[in-house]
Amino acid sequence: MNRTPTRIAVIGAGPGGLTCARVLQRHGVEVTVHDLDASRTARNQGGSLDMQPGTGQYALRAAGLWEEFGALARPEGEQMRLLGRDGRILFDAAPPGEGQGNPEIDRGQLRDLLLDSLDPGTVQWGHKLERAEPLGAGRHRLRFGNGETSEADLIVGADGAWSRVRRLLSDAVPVYTGVTFVETGLNEADTRHPEPAALTGQGTMMALDDNLGLVAQRNSGGHIRVYVGMRTPEDWHRRAGVDLTEPAAVRAALLERFADWGPALHGFLTETDTGYVNRPLFALPVPHTWEHTEGVTLLGDAAHLMSPFSGMGANLAMRDGADLAQALADHPEPDEAVTAYEKILLPRSAEAAEGAAEGIASAFAPDSAEQALAHMTGRH
Ligand SMILES: Cc1cc2nc3c(=O)[nH]c(=O)nc-3n(C[C@H](O)[C@H](O)[C@H](O)COP(=O)(O)OP(=O)(O)OC[C@H]3O[C@@H](n4cnc5c(N)ncnc54)[C@H](O)[C@@H]3O)c2cc1C
């Protein structure tokens, strides 16, 4: 007997939502993705991600994109360095041999890889979900900011940190972690910024101490993305009278904070080609759970927003997407599929989120230099 296809609406074309859509389509399951961005090029996708074996790599294989990923990945990007606040290299781990590690890829390249793998027209751009109204028996009417509406039998909330879909399941809201990153960047780093480039190496460089930190990360095309981290009140700039739209004012404020760090590290603060973007870090309370509700579920940051010190938010989002899609392909009833998926998702998310909360607490502490060195040299 022919069944009426379940109308699956994925909200959000991030790594999680797109992986879910791709794996569904590989199983012949229909899906539509709605994203608020006006187009695939509307927004810079940000830095580099390492793809980890049990999560991101697993999902890329499930998506049938492992080979194509290999052509784009940067295995050398896995190099990891820890510097002291004086600029000395304290620890330097070279990437493992070929095929063993967590190769890096630019987020933009990963998103393009996933988008190009979908059937044409799968993603509806310019569709910001405003509300989802329950219609009974798990169905919902979706109302978008552009005035359009549609109906779905299953809504997959893959809409990130400030998820609208989450409101259907939980009252939880992201809470400021106490740490802010100010993001900046260096173009053509090896030729134009040789000192920070040499300190960064080919992968990621971290210097952490006394509630402050610098993280510099190689991206493709010779770009280095820099995160200047501070444990600080969320409104630090207002308190300091700093206008965030004035790069000179932000630079001066950052230099003041890092005044007693080695001059070799000051280039990461001052030699910007991209200006400064203030990024307070938020996380959902741990654990974040919800009562199973027919017709709606969550994945990725919508389900388990955690600090980047888990190092695996995007990896988990992709694994979630792959697992949910696989469950929907395996179970004749969507509600059974979602129940099975949430049974795996919730404990896995809680464990990772706990690790992320511990990670950010130790990375921005008075003794973070000692903690980071102990962690990296395996003494923890
Ligand atoms: C500084 C920093 C560094 C990080 N580094 C790493 C790392 O090295 N490794 C790693 O694995 N993770 C990292 N993460 C975490 C990672 O960025 C996230 O966990 C990941 O992007 C989550 O993917 P997602 O698909 O759940 O959501 P997102 O990537 O946030 O995508 C959500 C999508 O939903 C869309 N959307 C939002 N609201 C709506 C709406 N109402 N209607 C329609 N569409 C909507 C958005 O436009 C977006 O495209 C980092 C995070 C930060 C902040």
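J.: Looking at this structure, how should I read the sheet that holds strand β9 (residues 139–144)?
T.: Strand order in the open sheet formed by three strands is β8-β9-β10, and the pairing between neighbours is antiparallel. With one partner strand each, in any of the chains shown, β8 (129–136) and β10 (149–152) form the two edges of the open sheet. The mean angle between the axes of side-by-side strands here comes to 25 degrees, regardless of whether they run parallel or antiparallel.

J.: How should I be thinking about the packing of aromatic side chains in this particular structure?
T.: The geometry of an aromatic ring pair comes down to the distance between the two centres and the angle between the two planes. Enumeration according to the criterion identifies eight aromatic pairs in this entry. A centroid spacing of 5.7 Å and a plane angle of 90 degrees characterise the contact between phenylalanine 309 and phenylalanine 364, whose relative ring orientation is edge-to-face. Separated by 55 residues along the polypeptide, phenylalanine 309 in the loop between α10 (301–304) and α11 (313–330) and phenylalanine 364 in the loop between α12 (334–363) and α13 (368–376) bring together distant segments of the chain. Take phenylalanine 309: its relative accessible area is 22%, and that puts it in the partly exposed class. Taken together, the ring pairs in this structure connect Phe181, Tyr227, Phe309 and Phe364 into an aromatic cluster. Its end group placed over the ring of tryptophan 66, arginine 61 keeps NZ or CZ at 4.0 Å from the ring centre. Between arginine 319 and the ring centre of tyrosine 58, over which it is positioned, the NZ or CZ distance is 3.5 Å.

J.: Please explain the site of the ligand as it appears in this structure.
T.: Close to the ligand lie 33 residues; Asp35, Arg107, Leu129, Asp301 and Ala314 are nearest. Here an oxygen atom of the ligand and a backbone polar atom of proline 15 are 3.4 Å apart. One nitrogen or oxygen atom from the side chain of arginine 111 is found 3.4 Å from an oxygen atom belonging to the ligand. In the complex, 84% of the free accessible area of the ligand, which totals 1,000 Å², lies under the protein chains. Within the shell around the ligand, the residues separate by chemical class into 13 nonpolar, 11 polar and nine charged.

J.: Just checking my understanding: could you explain the nonpolar core for this structure?
T.: Grouped burial of nonpolar side chains is what soluble globular proteins tend to show. The biggest cluster of nonpolar side chains holds 56 residues, and the ones touching the most others in it are Ile8, Met51, Leu60, Leu110, Leu142, Ile155 and Leu324. A total of seven residues in this core trace back to one element, the largest contributor, which is α11. With sequence-adjacent residues up to four places away left out, isoleucine 8 is seen in contact with Leu24, Val29, Glu30, Val31, Thr32, Leu154, Val156 and Leu328.

J.: How should I be thinking about empty space enclosed by the protein in this particular structure?
T.: Rolling a probe over the atoms, with the probe sized like a water molecule, indicates the empty space that remains. This model, assessed by the stated rule, comprises one cavity of 30 Å³ or more. In this structure, the largest cavity encloses a volume near 60 Å³. Lining the largest cavity are Leu284, Pro285, Val286, Pro287, His288, Ala303, His304, Leu305, Ser349, Ala350 and Ala353. Counting residues per element, the ones that place at least two in the lining of the largest cavity are α10 and α12. Element by element, the count of residues in the lining of the largest cavity is highest for α12, at three residues.

J.: Looking at this structure, I do not really get the side chain of aspartate 320. What am I missing?
T.: Within the secondary structure, aspartate 320 sits in helix α11. Ignoring any residue separated from it by four or fewer positions in sequence, one finds aspartate 320 in contact with Leu299, Gly300, His304, Tyr341, Leu345 and Arg348.

J.: Would you take a moment to explain the environment of glycine 14 for this structure?
T.: With respect to the helices, strands and loops of the structure, glycine 14 is situated in the loop between β1 (8–11) and α1 (15–26). Judged by its relative accessible area of 24%, glycine 14 falls in the partly exposed class. Expressed as a C-alpha distance, the spacing of glycine 14 and glycine 160, which sit 146 residues apart in the sequence, is 7.7 Å.

J.: Is there a simple way to think about α11 in this case?
T.: Owing to its 3.6 residues per turn, the α-helix brings residues three or four apart onto one side. When the terminal C-alpha atoms of α11 are compared, their 26 Å separation across 18 residues agrees well with the 26 Å that a helix rising 1.5 Å per residue should span. Of all 18 residues making up α11, 15 are buried, and the element is well covered by its neighbours.

J.: Which parts of the structure should I look at to understand the environment of histidine 223?
T.: Along the polypeptide, histidine 223 turns up in the loop between β14 (212–218) and β15 (224–231). When the C-alpha positions of histidine 223 and glycine 47 are compared, they lie 9.6 Å apart, and in sequence the two are 176 residues distant. Apart from the residues lying within four places of it in its own chain, the contact partners of histidine 223 are Gly185, Leu186, Asn187, Gln217, Arg218 and Thr274. A distance of 2.7 Å separates the side chain of histidine 223 from the side chain of asparagine 187, its partner in a polar contact.

J.: Is there a simple way to explain α1 in this structure?
T.: Between the first and last C-alpha of α1 there are 16 Å, a value that for 12 residues agrees with the 16 Å anticipated at 1.5 Å per step. Most of α1 is tucked away: 10 of the 12 residues are buried. Along α1, the positions that sit buried rather than exposed are Gly16, Gly17, Leu18, Thr19, Cys20, Ala21, Arg22, Val23, Leu24 and Gln25. Where α1 is buried, its residues contact β1, β2 (32–34), α2 (53–62), α4 (107–116), β7 (123–124) and α11. Immediately beyond the C-terminal end of α1, within one or two residues, lies glycine 28, with a positive phi of roughly 75 degrees.

J.: Where do I start with the domain arrangement of the protein chain in this structure?
T.: Often the size quoted for an interface is simply the accessible area lost on bringing the parts together. What the domain assignment reports for the protein chain is domain 1 (8–77 + 104–174 + 284–361) and domain 2 (176–282). Centre-to-centre, using C-alpha coordinates, domain 1 lies 29 Å away from domain 2. Domain 1 puts 18 residues into the contact, and the matching count from domain 2 is 16 residues. Interface area for domain 1 against domain 2, summed over the two sides, is near 1,200 Å², with a carbon-plus-sulfur share of 59%. Where domain 1 meets domain 2, there are zero salt bridges. Our enumeration of links across domain 1 and domain 2 arrives at three residue pairs in polar contact (both at pLDDT 80 or more). Its residues assigned to classes, the side of domain 1 that touches domain 2 shows eight nonpolar, seven polar and three charged.

About the cut-offs
- Residues numbered from 1 in each chain as written.
- Predicted model: local features only at pLDDT ≥ 70, side-chain atom pairs only at ≥ 80, totals over all residues.
- Heavy atoms only, no water.
- Pairing = 2+ DSSP bridges.
- Helix = DSSP H or I, 4+ residues; strand = E, 2+ residues; numbered from the N terminus.
- Axes fitted to C-alpha atoms, helices over the stretch in contact; angles between N-to-C directions.
- Phe/Tyr/Trp six-rings, centres within 6.5 Å; stacked < 30°, edge-to-face > 60°.
- Buried < 20%, exposed > 50% of the residue type's maximum accessible area, 1.4 Å probe, protein only.
- Lys NZ or Arg CZ within 6 Å of the ring centre and 35° of its normal.
- Near = heavy atom within 4 Å.
- Polar contact = N/O pair within 3.5 Å; in protein donor to acceptor, adjacent residues only side chain to side chain.
- Areas by Shrake-Rupley, 256 points an atom, 1.4 Å probe, with all protein chains shown as cover.
- Nonpolar A, V, L, I, M, F, W, Y, C, P; charged D, E, K, R; others polar.
- Core = buried A, V, L, I, M, F, W, Y, C linked by side-chain atoms within 4.5 Å.
- Contact = heavy atoms within 4.5 Å.
- 1 Å grid on protein atoms, 1.4 Å probe; cavity = no way out; pocket = protein on both sides within 12 Å on 5 of 7 lines; lining within 4 Å.
- Points joined across faces, edges and corners; volume = space filled by probe spheres on them.
- Expected span 1.5 Å × (residues − 1).
- Domains from an automatic or database assignment.
- Buried area = accessible area lost by both parts, 1.4 Å probe.
- Salt bridge = Lys/Arg side-chain N within 4 Å of Asp/Glu carboxyl O.

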